[in-house]
Amino acid sequence: MALGRYSRVDGRRSSTSSTVVFVVFIGLCLVGVWMMTSSSIVPVQNVDEVKNEVETQIKENGATSKSNDISEDETSESELKSENKISNIDSDTESNTSDVSTSRDSNSNSQSDTTSMSRGSSESVSEISTVSESNESQPKKFEDNPGTLPEDATKGDNVKVSSSERNISQSDMTSDRSADDNLKLKPVKQSRDEDANLEKGPKSETGNEEDTKEDVVSNTNDQESKFNEKKSKMDEQKQVDEKRYSYGGDPEDDSKVTTSKSNEGKNESEKFTAPQNKDKSKTDDTIEEKPEGISSEKKDLLPSAVQSELLNETMSGDGAWKTQAAESKKEARKSSEPAPETGSDWKVCNVTAGPDYIPCLDNLQAIRRLRSTGHFEHKERHCPDDPPTCLVSLPGKYQRPIQWPMSREKIWYHNVPYTQLAEYKGHQNWVKVSGEYLLFPGGGTQMMQGALPYIDTIQKFVPAIAWGKRSRVILDVGCGVASFGGFLFDRNALAMSFAPNDEHQAQVQFALERGIPAFVSVMGTKRLPFPGKVFDVIHCARCRVPWHAEGGKLLLELNRLLRPGGYFVWSATPVYEKEPEDVQIWEAMKKLLKAICWEVISIYNDKLNKVGIAVFQKTSSNECYETRSEKEPPLCKDSDDPNASWKVPLQVCMHKIPAGATERGSKWPEQWPARMEKAPYWLLSSQVGVYGKPAPDDFVADYEHWKRVVTKSYVTGMGIDWSTVRNVMDMRAIYGGFAAALREMKVWVMNVVNIDSPDTLPLIYERGLIGMYHDWCESFSTYPRTYDLLHADHLFSKIKKKCNFEALVVEVDRILRPEGKLIVRDTVEIISELETKYKSMQWDVRMTYLKDTEGLLCVQKSNWRPKEAITLPYAIANKEDIAREMKLKEELKKIPHGT
């Protein structure tokens, strides 16, 4: 210690000199204790006061001991060293580098000199403090007590401490944001080297100094251990903040959920945080949540078995599958360059259709340019060249839809505020208005006494139809409000319903609001967006489609879609009415049906509903085609692919029936539900599946994968209240594994196969599921706010390479209901971009999960709409459009109520 070194001056040990040095030591002790208890460097003005006190005490002692053997020069030298000590404190405040050089120079000048004091007052204070063993509580005071110093004196307390602690505090500075940014800190390595040099310095000849040295090292180690522990916790927390792995995104929102690597020591019910850990052997993620309708017990979000494949098996190839774009040969090639994005300055679409805007069906500018509307061309798709990037407005007083199955009977009036159908069809039990509800008695023009008795009557007269067993997927043409499809659920059958966006207003919108599968379309000039030979039954109840016209062009489209051996159920006035027009149509239909080899199975009267129903069956072989006396309609050319449908014009021809044992359509699928899980007979091991395995193995592996992911993550791990989910869309379906995994849920899934993806839609129908082709560079054929949950597996990254990425972001907002969920699986870059965009729409980010280059995102749509609007000129009606609309409405009023 300093005392030991001072006692060695000139080798003399007089009692007088000892007294003087002892006084100096006491003074310095007082200074050191006071400085250390403040945990801060003493301001310059306070140091000067202490310096004066020390000098005064030294002079007073010197006056009473004039006979001591220390000369005045030696005394002056001692005082000078004391002044140098104080000045080193000031220099340390300005620059620790100069402090290092000063201490090293002093150390090299003389071993008899006090080298510890020349290292700066903070080091001296550290050594002095360890001598006083009687003050056992002193180290506690040194840790976090700021003392009574002014605020500016305590700034940087965690940095300006003794050199024995400096190596700790400097390494901790990266996480200590209260430190003075203007300080120039020594590197950790340099500080440690200086401490090592200090230990190698000259030792005192007194025993107390050796003990003190041990105490200094011990105290330093203890403090270093505490600081390292604190630093470790702060670094750990920093990693949590930086880790992109959270449920809810906003850590301040207790209604959101974050994942945790371990539940140990966590008592919060809905929020956890975890350090980043890339070691897969240590990742055992769990979740605790309280979503609506789900208990608060801890859920197994991503157990190791599921986590390892949660994001895999999504990068697909074409394998042996064609694409719909190649099959159709009509799809214009899109640019490979991504379109420029318009940013996040969202605006509401100012359009005539308002909250019910469908971009590809409300392009009034394109409709005006049509040469003819005689084939319902004005009801077909006419997409704008530049898809909209604005948001569709919400109806006033919009409410969360009523849950299934109650929604089948009633919906909120203000969600679909149209009464025209109730006025025209109310007596036929289509829809009725009752206060704030629209009621659906389950009837229709041909089923006024109810859809379910009507469905059972069909099976009574045609038992082989076997709803829900042999007949699983049905196409309902001109569906009205889709009550037929709505009650087929009770018989385990699934109907794809469609109707035009017509003057009756909102038929399909009613259906989707009720929770019944439907989309907007018309039988006009182009094929419907389905492959050939996929529907078990096609139904038409007073659909007012001219099947017999133009050589039976429209009926031949049904022939393309119907499976060999499938049924056509026709419930219309020509079957049972005797009016001249009805008789004429019936005669034309009988001739046409015979020419296309459809057999009449049953014609009967439904006594309850007082209507006639005719059931026909498509032939299962080519024998009838070959033996026809007249070859009209002709067979299609071999080059005409029956699966090609995207923007393909209708043709007056028939495709041959598959004859080979391994050709799709040569046999009827397995009965439901076996057909959903079993690979179809025509899926051969010689074919390469989408994911690169033999096709049957690929099919099974895909199904097993989705069952695990849906069960372990989607259903129980995302906080989704599935009782509020009814209408689901898989925006990029492959084998339909996602939809199949949801079979036990009370939902239905629209499986969308992109036109440039492997054409697996026939396989989806073979499984007893439904879907359609689509190009996501364009708007989907549905009304706004019609789906509760959208699932997009590596869709956005593909769209970004070919067309307007932001238009798809907006399209998702358009078709998703407020409070609806979007689940995205894609690259990390796409996930980050989508998270930013949907946050800018004030959506709730419920989950973000990243693993290597792949990510998973779950977001929930909000009710937010921007205040600013932008006008889309092509969607604004003019006088001509209004006049045409009024004319059509007047024609509707003239139609007898019985039709």
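Residues numbered from 1 in each chain as written. Predicted model: local features only at pLDDT ≥ 70, side-chain atom pairs only at ≥ 80, totals over all residues. Heavy atoms only, no water.

Describing the sheet that holds strand β6 (residues 432–434)
For step 1, the next point in the chain: The three strands are arranged β5-β7-β6 in an open sheet whose pairing can be described as antiparallel. Looking at strand neighbours, the two that pair on one side only are β5 (410–412) and β6, the edges of this open sheet. Sheet twist, expressed as the mean angle between neighbouring strand axes with direction ignored, is 30 degrees. (Pairing = 2+ DSSP bridges. Helix = DSSP H or I, 4+ residues; strand = E, 2+ residues; numbered from the N terminus. Axes fitted to C-alpha atoms, helices over the stretch in contact; angles between N-to-C directions.)

A look at the pattern of salt bridges
For step 1, the next point in the chain: In total, this model carries 30 salt bridges according to the counting rule given.
For step 2, the next point in the chain: Between R527 and D640 there is a salt bridge, with its nearest N and O atoms 3.2 Å apart. Within this pair, whereas R527 is found in the loop between β10 (518–520) and β11 (535–541), its partner D640 is found in the loop between α24 (623–626) and α25 (674–677), the two being separated by 113 residues in sequence. Comparing R527 with D640 shows no difference in burial state: the two are buried.
For step 3, the next point in the chain: A salt bridge links K837 to E806; its shortest N-O distance comes to 3.0 Å. Of this pair, K837 sits in helix α31 (residues 828–840) while E806 is found in helix α30 (residues 805–815), placing the two residues 31 residues apart along the sequence.
For step 4, the next point in the chain: Exposure remark for E806: the relative accessible area of 0% places this residue in the buried category.
For step 5, the next point in the chain: Through salt bridges with shared partners, one network takes in D536, R563, R675 and E766. (Salt bridge = Lys/Arg side-chain N within 4 Å of Asp/Glu carboxyl O. Buried < 20%, exposed > 50% of the residue type's maximum accessible area, 1.4 Å probe, protein only.)

Section: the state of the cysteines
For step 1, the next point in the chain: The full count for this structure, using the stated rule, is six disulfides.
For step 2, the next point in the chain: Disulfide pairing places C349 opposite C390 at an S-S distance of 1.9 Å. Measuring handedness by torsion sign, the sulfur bridge of C349 and C390 sits at about 105 degrees and is right-handed. Linking C349 in strand β4 (residues 348–350) with C390 in the loop between α15 (364–368) and α16 (406–409), this pair joins segments that are 41 residues apart in sequence.
For step 3, the next point in the chain: Assessed through its relative accessible area of 6%, C349 is described here as buried.
For step 4, the next point in the chain: Looking at C390, the relative accessible area reads 4%, which means it is buried.
For step 5, the next point in the chain: Each sulfur of the disulfide joining C360 and C383 lies 1.9 Å from the other. Taking the sign of the torsion about the S-S bond as the criterion, the disulfide between C360 and C383, at about 110 degrees, is right-handed. Of this pair, C360 sits in the loop between β4 and α15 while C383 is found in the loop between α15 and α16, placing the two residues 23 residues apart along the sequence.
For step 6, the next point in the chain: In this structure C383 comes out as partly exposed when scored by relative accessible area, which is 21%. (Disulfide = S-S within 2.5 Å.)

Focus on the confidence of the model for the protein chain
For step 1, the next point in the chain: Scored by pLDDT, the protein chain comes out at a mean of 74, with 61% of its residues at no less than 70.
For step 2, the next point in the chain: For the stretch residues 1–15, pLDDT sits under 50, and the model shows 31 contacts to residues farther than four places along the chain or on other chains.
For step 3, the next point in the chain: Contacts from residues 238–308, a stretch scored under 50 in pLDDT, to residues over four places away or in other chains number 141 contacts. (pLDDT = per-residue confidence, 0-100. Contact = heavy atoms within 4.5 Å.)

Some points on a nonpolar patch on the surface
For step 1, the next point in the chain: Residues F22, I26 and L30 make up a contiguous nonpolar surface patch of about 300 Å² in total accessible area.
For step 2, the next point in the chain: Relative to the helices and strands, F22 resides in helix α2 (residues 15–37).
For step 3, the next point in the chain: Take F22: its relative accessible area is 47%, and that puts it in the partly exposed class. (Patch = residues over 30% accessible without salt bridge, like charges linked within 9 Å, V, L, I, M, F, W, Y side chains within 5 Å. Areas by Shrake-Rupley, 256 points an atom, 1.4 Å probe, with all protein chains shown as cover.)

Comments concerning the sheet that holds strand β8 (residues 473–477)
As a general point, the strands of a sheet are linked pairwise by backbone hydrogen bonds and lie either parallel or antiparallel.
For step 1, the next point in the chain: Taken in spatial order, the seven strands make up an open sheet running β10-β9-β8-β11-β12-β14-β13, and their pairing is mixed. Pairing within the sheet leaves two strands with one partner each, and these edge strands are β10 and β13 (598–606). Between one strand axis and the next, the sheet turns through 20 degrees on average, direction left out of account.
For step 2, the next point in the chain: In this sheet, strand β14 (residues 611–618) lies alongside β13 in antiparallel orientation, the contact comprising eight bridges. If you follow W598 over to β14, its bridge partner there is K618.
For step 3, the next point in the chain: Docked against the sheet, helix α20 (residues 507–514) engages β9 (494–499) and β10, running at close to 155 degrees with respect to β10.
For step 4, the next point in the chain: Sheet strands touched by helix α21 (residues 553–561): β8, β11, β12 (562–571), β13 and β14. Its angle to β12, the strand with the most contacts, is close to 135 degrees.

A short note on the packing of α30 against α31
For step 1, the next point in the chain: Closest axis-to-axis distance for the α30/α31 pair is 12 Å, and the angle between their directions is 55 degrees. Relative to α31, the element α30 is oriented oblique. α31 is crossed by α30, and the crossing has right-handed handedness. Contact residues: α30 offers F805, E806, V809 and V812, while α31 offers I830, E833, L834, K837 and Y838.
For step 2, the next point in the chain: Residues belonging to the contact of α30 with α31 are distributed by class as follows: six nonpolar, no polar and three charged. (Parallel < 35°, antiparallel > 145°, perpendicular 65-115°, else oblique. Left-handed = near helix turned anticlockwise from the far one by under 90°. Nonpolar A, V, L, I, M, F, W, Y, C, P; charged D, E, K, R; others polar.)

A closer look at the pairing of strand β21 (residues 854–860)
For step 1, the next point in the chain: Burial within β21 is extensive, with seven of its seven residues counted as buried.
For step 2, the next point in the chain: Here β21 shows no split at all, with E854, L856, C858 and Q860 on one side and G855, L857 and V859 on the other all buried.
For step 3, the next point in the chain: Direction of pairing for strand β19 (residues 816–827) relative to β21: antiparallel, over a ladder of seven bridges. Counted as the bridge partner of D826 is G855 from β21.
For step 4, the next point in the chain: Where strand β20 (residues 844–851) meets β21, seven bridges bridge the pair, whose relative direction is antiparallel. Bridge assignment links V845 to a residue of β21, and that residue is V859.
For step 5, the next point in the chain: Between β20 and the antiparallel strand that follows it, β21, lie two residues; D852 among them carries a positive phi value of about 60 degrees.

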